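These are the residues of each chain, in order.
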Amino acid sequence: MTNSIVDKNVEYYRLIKESLSEHKLAFFVGSGVSRASASGDTYPLWSDILKKLQRGLIGCKDSDPLKIAQLYALKYGEAYTKTLANF
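Quick caveat: nothing in here was measured; it's all calculated off a predicted structure.

**Some remarks on the overall build of the chain**
Right, so step 1: What the chain contains, in helices and strands, is four helices and zero strands.
Right, so step 2: When the helices and strands of the chain are listed from N to C terminus, the series reads α-α-α-α.
Right, so step 3: Among the 87 residues that make up the chain, the fraction classed as buried is 13%.
Right, so step 4: Residue pairs in contact within the chain that sit at least 24 positions apart in sequence constitute 15% of those at least 6 positions apart.
Right, so step 5: Working note: accessible area of the chain is about 7,400 Å², and carbon and sulfur atoms make up 59% of it.

**Describing the packing of helix H2 (residues 46–55) against helix H3 (residues 65–76)**
Right, so step 1: Closest axis-to-axis distance for the H2/H3 pair is 10 Å, and the angle between their directions is 45°. On the basis of the axis angle, H2 is oblique to H3. Note that H2 runs across H3; the crossing there is left-handed. Where H2 approaches H3, its residues Leu 50, Leu 53 and Gln 54 are matched on the opposing element by Pro 65, Ile 68, Ala 69 and Tyr 72.
Right, so step 2: Partitioning the contact of H2 with H3 into residue classes produces six nonpolar, one polar and no charged.

**Describing the environment of Lys 52**
Right, so step 1: Of note, Lys 52 is situated in helix H2.
Right, so step 2: Residue Lys 52 is classed as partly exposed on the basis of its relative accessible area of 42%.
Right, so step 3: Once the C-alpha coordinates of Lys 52 and Leu 84 are considered, the two residues, 32 residues apart in sequence, prove to be 9.9 Å apart.

What counts, and where the lines are drawn
Residues numbered from 1 in each chain as written. Predicted model: local features only at pLDDT ≥ 70, side-chain atom pairs only at ≥ 80, totals over all residues. Heavy atoms only, no water. Helix = DSSP H or I, 4+ residues; strand = E, 2+ residues; numbered from the N terminus. Buried < 20%, exposed > 50% of the residue type's maximum accessible area, 1.4 Å probe, protein only. Contact = heavy atoms within 4.5 Å. Areas by Shrake-Rupley, 256 points an atom, 1.4 Å probe, with all protein chains shown as cover. Axes fitted to C-alpha atoms, helices over the stretch in contact; angles between N-to-C directions. Parallel < 35°, antiparallel > 145°, perpendicular 65-115°, else oblique. Left-handed = near helix turned anticlockwise from the far one by under 90°. Nonpolar A, V, L, I, M, F, W, Y, C, P; charged D, E, K, R; others polar.

By themselves, these figures tell us nothing about what the structure is for.
Structure representation (structure tokens):
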């Protein structure tokens, strides 16, 4: 490891520690964190949800997640919200 990387890590640690002491620290984590919760419930991954939505769009070969969600919402309207709630 070069000194510049070590120096940056030391500075990051200092900033995290300072933010924590000032009650200004927030963590951002990926969606996979809730995949297996302490309660034993498992939540689907975004890829699982998108595959299910894509199946509802017969002939859709698009792989853009936002486009798939938008096409599904346009085709099914309010049912889209209910579909998401059933995951």
